[in-house]
Amino acid sequence: MDMNEIKEIFFQECEEQLAELESGLLKLNDGDRDPETVNAVFRAVHSIKGGAGAFGLDDLVSFAHVFETTLDCVRSGKLEPGQDVLKVMLKSADVLADLVSASRDGGSVDESRTRGLVKELEALANGELPSASGHEAPKPAAKAASAAPQEETPKPTDESGFQPIPFSFDGFDDEEPVFEGSIYEVTFKPRRELYSKGNEAALLLRDLSRIGEMSIACDMDELPALDKMDPEASYFSWKISLKTNKGEDDIRTVFEFAEWDCDLEVKLAEEASTDEELPMIPVPFDLSILDDASAAEEEDKAVEPSAVEETAAAAVSAAKVATGIVKAADAAARVAEKKDAASSAAAAAQNNAAAAAAAAGQTIRVDLDRVDRLINLVGELVINQAMLSQSVIENDTNGTSSINMGLEELQQLTREIQDSVMAIRAQPVKPVFQRMSRIVREVADMVGKQIRLVTEGENTEVDKTVIDKLAEPLTHMIRNAVDHGIETPEKREAAGKNPEGTVKLSAKHRSGRILIELQDDGAGINRERVRQKAIDNDLIAADANLSDDEIDNLIFMPGFSTADKISDISGRGVGMDVVKRSIQALGGRISISSRPGHGSTFTMSLPLTLAVLDGMVVTVAGQTLVVPLTAIVETLQPEASAIHSFGANQRLISIRNSFCPLVDVGRILNFRAIQANPVDGVALLVESEGGGQRALMVDAIQGQRQVVIKSLEANYTHVPGIAAATILGDGRVALILDVDAVVAASRGQSLKPEMALKPEMSLAATG
Amino acid sequence: MAAKKAGPGSLKLSAVLDLNEASVLHGKLMSMRGSDLVIDASGVERVGVQCAQVLVAGVMAWKEDKKSFLVEKASDAFQKTMQLIGIDTDNLIAKEI
Amino acid sequence: MKKKVLTVDDSRTIRNMLLVTLNNAGFETIQAEDGVEGLEVLEDANPDVIVTDINMPRLDGFGFIEGVRRNEKYRAVPILVLTTESDQEKKNRARQAGATGWIVKPFDPAKLIDAIERVTA
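- Named according to an unreviewed UniProt entry, chain C is Two-component system, chemotaxis family, response regulator CheY originating from Xaviernesmea oryzae.

Structure representation (structure tokens):
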């Protein structure tokens, strides 16, 4: 593994932490005060900061640090996470997400927004309430946002600034003047705690010996008699004379981990000679004092170097510690080397530990390419198995045989493998849903509305491709709902509603598909306006007689936009027709139902996977087509008496006392020029997204089977009315019918020819 | 200690003379008082100061008892660490003080 | 003999960085994802030194350190705290819990190794 791979892992982890962060903040927003929620939120930001620091992503680190500081105030109870505070936090989470993306993909972030939030976060941390006005934070916040490039030892930027200080006392090493061969006298008296915390005086002395030439004297005066002693207490102390060209600070750095648990004195030797009689006094840890002292010492030295050396030498001999100069670096190195080889039992224990660690993790991460390759192979296996079955059946004139039984088992097994493999790709819709809450916040902010997003069933699982492709249409719909669906607070209040609007996003499984609903409690579809607009835009005839549902569904027609003015948010000429097309491209359906004054509900029904489909194999004008089983309500053999013609070439079929438009699939797809006689064929009763039913006429039903979907777009080009292709057991390519498109096309005949196939596109793909 | 006459005892030091070992070593020495003692330090890989304290206290005790306390076959690690912390390996007394 | 390091950190990024850094430096590395797991694997890991994060779910670094120090067999193992917390209060709490030393993130591989060398023989 190299750093790039780790970086990739870091960004993956960022995504998870960002999701964690947002869901935690939303929980807090809903009044959750569980300390673990606050902790999780804090950890998420903390973790991002930690990783970002490791990769030198300074902008990310700076912002995360400020954010973390404010979150810490919440964690410690200094800051009450009220609505106002959480609003800032949620925005900050968004900016953090932007910074993560920018760090990963290059690109830039809105710096003024970042600066503004840094200011707000700092104000919160300083105990100021969020204010809408351009209140000046005590320090220019921009400073933290655009922190200076990270140095080895970053300096504090301001009082609340970022100060990671690797190892050192406060970023002090750099300024420390270098002494040439000075002699220091060090007295070191460990306390019991030093040892109990895992430090070891012998190791500290070893490290000390490495920075210069050391002579040492062990003071054993405090050691009691053997029977009186506490084996774990600390009795020894040392006087060390160290000749080094390093500074006092380097000496102290050796004792960095131990400074709390020992008495330590570091003096230049000439001081030692004058202060010799004084009792041991721990050197105070005010670094500015040290700074002054060493600077002064350097001055002295610069003036009279030889004098200093003489004094130092005298001091050493006076202290009578200059014995047994230890070339300790060598010694210590050898000590380290001497550590003997481990027993094989230890190695085994290591393996156990690894196994235990592995068992603790419930998931593994697999490269998506590998899963896709597997899915593809399984798809081929399914086709191959079907072809094998078919040829066995064709060649097996004896009826049953053990081969047939074996094949059945194979079929079942193949199916199970396929299901299991598909399940690998299944993911909860949660990440997409979470992204939506940001959209709601941002758009609501922009248009000055108060809106809360409620999500339900976010753990519902669906194929990853579906999830990935869901984000865009969903984003668009959410924007629409916020921009057009929900009214302004004033209007809502006037209508006796809660000024805060609610957008509800839910997901659930229903009969082998995933159902996603987007519901708003806004004003609902203004049918008069929609109708008028459709007429104005020449989408419907002025006298067209449409049901409420049909009017509502007009918004999905191409070139339809209800907004009076194209707004920044949901305008840009992208209409609901685009949304509908993306959903259809996923093999899904979308419909709307609306209650004036109470809001609208968009319902999307999507396949759980894009790889396989349960279909009914039918024949239309000599071609084999597959109709998705989920679309079919029932099949029936039309009787001549049930067929009613009206208009030029419109026909209805009466089913149990109701009438249903008859759609000749062969005609719609331009497979034939003249309508077939319904009595010779079979009618497939399908439900279209508007809720209305249509009877699709096909010539014959061949059977039902699961087919592996092969994208037509990827292999050929998009064909209207056709969703995809598949390979049947006999090796033939069959097209999978896009039922909604066909129904829409048939409606188009009565409204406007929206979907009429151009002849040159119609059959080229059937191969 | 009762000056009962006994043959010289011997004690092989553990490889790791750390915090945990200090009490163990202390207990062993306490139980071996009254006889001459030969310490085998050949297998020592790591010496912590607390074990060094116990050993030095042992030297004092044996001296008091007028028995001999001898360190034999000191490993490199043992010698180096003792030297590093200012203890003479031959007789386990502080050097030069 | 390779020195064995037990690392305890909930961040996958940091775990990987530690792993790479430590393995490159010739250490044997055992990893746990939080304090609870850290204490669970302690016996099998038999580490020469422990590197732990502070902010972790289930059992944080403070609790983990206390747990190690209460363990008869492993109470003397040096523990380095790996954390972005640079403020004195956190360091002090870690020390009170029994930490041997600390490494401030973002860690520099050389300094991580140096810190480990400092507290191990």
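1. As for the overall build of chain C
Then step 1. Counting secondary structure elements, chain C contains five helices and five strands.
Then step 2. Taken from N to C terminus, the helices and strands of chain C fall in the order β-α-β-α-β-α-β-α-β-α.
Then step 3. By residue count, 70% of the 121 residues in chain C fall in the buried class.
Then step 4. Restricting to contacts in chain C with at least 6 residues of sequence separation, those with at least 24 account for 65%.
Then step 5. Counting only carbon and sulfur atoms, one obtains 45% of the accessible surface of chain C, whose full area is about 3800 Å².

2. Describing the sheet that holds strand 22 (residues 733–737) of chain A
All names here are of chain A.
Then step 1. The strand order across the open sheet built from five strands is 20-12-13-22-21, with neighbouring strands paired in mixed fashion. Edge positions in the sheet fall to strand 20 (700–708) and strand 21 (722–727), since each has one partner strand and no second. Averaged over all neighbouring strand pairs, the angle between strand axes comes to 35°, with direction disregarded.
Then step 2. The sheet contact formed by strand 12 (residues 612–620) and strand 13 (residues 623–628) spans six bridges and is antiparallel. Bridge pairing in strand 13 places Val617 opposite Val626.

3. Thoughts on the sheet that holds strand 4 (residues 262–268) of chain A
All names here are of chain A.
Then step 1. Reading across from one edge, 2-3-1-4 is the order of the four strands in this open sheet, with antiparallel pairing throughout. Sheet topology places strand 2 (213–219) and strand 4 at the edges, where each strand pairs with a single neighbour. Strand-to-strand twist of the sheet, defined as the mean angle between neighbouring strand axes without regard to direction, takes the value 15°.
Then step 2. With seven bridges connecting them, strand 2 and strand 3 (residues 237–244) associate as antiparallel partners. Residue pairing across strands places Met214 opposite Leu242, the latter belonging to strand 3.

4. Some words on the pattern of salt bridges
Then step 1. By the definition in use, this model includes 45 salt bridges over all chains.
Then step 2. Among the ionic pairs, Arg441 of chain A bridges to Glu22 of chain A, the shortest N-O distance being 3.6 Å. Residue Arg441 of chain A is located in helix 17 (residues 430–447), and its partner Glu22 of chain A is located in helix 1 (residues 3–29); the two are separated by 419 residues in the primary sequence.
Then step 3. Assessed through its relative accessible area of 18%, Arg441 of chain A is described here as buried.
Then step 4. A salt bridge links Asp34 of chain C to Arg58 of chain C, with the nearest nitrogen and oxygen atoms 2.7 Å apart.

5. Description of the environment of Asn715 of chain A
All names here are of chain A.
Then step 1. Tracing the chain through its elements places Asn715 in helix 24 (residues 712–715).
Then step 2. We classify Asn715 as exposed; its relative accessible area is 61%.
Then step 3. Separated by 10 residues in the primary sequence, Asn715 and Ala725 place their C-alpha atoms 9.4 Å from one another.

6. Observations concerning the confidence of the model for chain B
Then step 1. Of all residues in chain B, 84% have pLDDT values of 70 or greater, and the mean over the chain is 79.
Then step 2. Within the model, pLDDT remains below 50 along residues 1–6 of chain B, and this stretch shows five contacts once partners closer than five positions in the same chain are excluded.

7. Here we look at the pairing of strand 4 of chain A
Residue and element names in this part refer to chain A.
Then step 1. Burial within strand 4 is extensive, with six of its seven residues counted as buried.
Then step 2. Pairing of strand 1 (residues 182–190) with strand 4 involves seven bridges; the strand directions are antiparallel. Bridge assignment links Phe188 to a residue of strand 4, and that residue is Leu264.

8. Quick look at the environment of Pro638 of chain A
All names here are of chain A.
Then step 1. Relative to the assigned elements, Pro638 resides in the loop between strand 14 (632–636) and strand 15 (643–646).
Then step 2. Considered as a pair, Pro638 and Ser654 are 16 residues apart in the sequence and their alpha carbons are 9.0 Å apart.
Then step 3. Those residues in contact with Pro638 that lie beyond four places of it in its chain are Ile643, Ile653, Pro678, Val679, Gly681, Val682, Ala683 and Met697.

9. Details of the confidence of the model for chain C
Then step 1. Chain-level pLDDT for chain C is 85 on average; 96% of the residues reach the 70-or-more range.
Then step 2. Scored by ipTM, the complex comes to 0.88, with pTM at 0.53.

10. Examining the side chain of Lys3 of chain C
Then step 1. Among the structural elements, Lys3 of chain C can be located in the segment before strand 1 (4–8).
Then step 2. Within the local environment of Lys3 of chain C, its side chain forms a polar contact with the side chain of Thr120 of chain C, the two groups lying 3.0 Å apart.

11. A word on a nonpolar patch on the surface
Then step 1. Taken together, the side chains of Leu381, Leu413 and Ile417 of chain A make up a nonpolar region of the molecular surface, amounting to roughly 250 Å² of accessible area.
Then step 2. The residue Ile417 of chain A is located in helix 16 (residues 402–425) in this model.

12. Points about the packing of helix 1 of chain A against helix 1 (residues 12–24) of chain C
Then step 1. Packing of helix 1 of chain A against helix 1 of chain C leaves a shortest axis separation of 8 Å and a crossing angle of 160°. Relative to helix 1 of chain C, the element helix 1 of chain A is oriented roughly antiparallel. Crossing hand, helix 1 of chain A versus helix 1 of chain C: right-handed. When helix 1 of chain A is examined against helix 1 of chain C, the residues Met3, Ile6, Ile9, Phe10, Gln12, Glu13 and Glu16 of chain A are found in contact with a partner set consisting of Arg12, Thr13, Asn16, Met17 and Val20 of chain C.
Then step 2. For the contact of helix 1 of chain A with helix 1 of chain C, a count of residues per class yields six nonpolar, three polar and three charged.

13. Looking at unusual backbone geometry
Across residues other than glycine, the phi torsion is negative in most instances, and most of the peptide bonds are trans.
Then step 1. Positive phi, close to 50°, is recorded for Ala621 of chain A, a residue that is not glycine.
Then step 2. By the secondary structure assignment, Ala621 of chain A is in the loop between strand 12 and strand 13.
Then step 3. The phi torsion at Lys66 of chain B lies on the positive side, around 60°, for a residue other than glycine.
Then step 4. Within the secondary structure, Lys66 of chain B sits in the loop between helix 2 (49–65) and strand 5 (69–72).
Then step 5. Judged by its relative accessible area of 73%, Lys66 of chain B falls in the exposed class.

Rules used throughout
Residues numbered from 1 in each chain as written. Chains lettered and ligands numbered in written order. Predicted model: local features only at pLDDT ≥ 70, side-chain atom pairs only at ≥ 80, totals over all residues. Heavy atoms only, no water. Helix = DSSP H or I, 4+ residues; strand = E, 2+ residues; numbered from the N terminus. Buried < 20%, exposed > 50% of the residue type's maximum accessible area, 1.4 Å probe, protein only. Contact = heavy atoms within 4.5 Å. Areas by Shrake-Rupley, 256 points an atom, 1.4 Å probe, with all protein chains shown as cover. Pairing = 2+ DSSP bridges. Axes fitted to C-alpha atoms, helices over the stretch in contact; angles between N-to-C directions. Salt bridge = Lys/Arg side-chain N within 4 Å of Asp/Glu carboxyl O. pLDDT = per-residue confidence, 0-100. Polar contact = N/O pair within 3.5 Å; in protein donor to acceptor, adjacent residues only side chain to side chain. Patch = residues over 30% accessible without salt bridge, like charges linked within 9 Å, V, L, I, M, F, W, Y side chains within 5 Å. Parallel < 35°, antiparallel > 145°, perpendicular 65-115°, else oblique. Left-handed = near helix turned anticlockwise from the far one by under 90°. Nonpolar A, V, L, I, M, F, W, Y, C, P; charged D, E, K, R; others polar.

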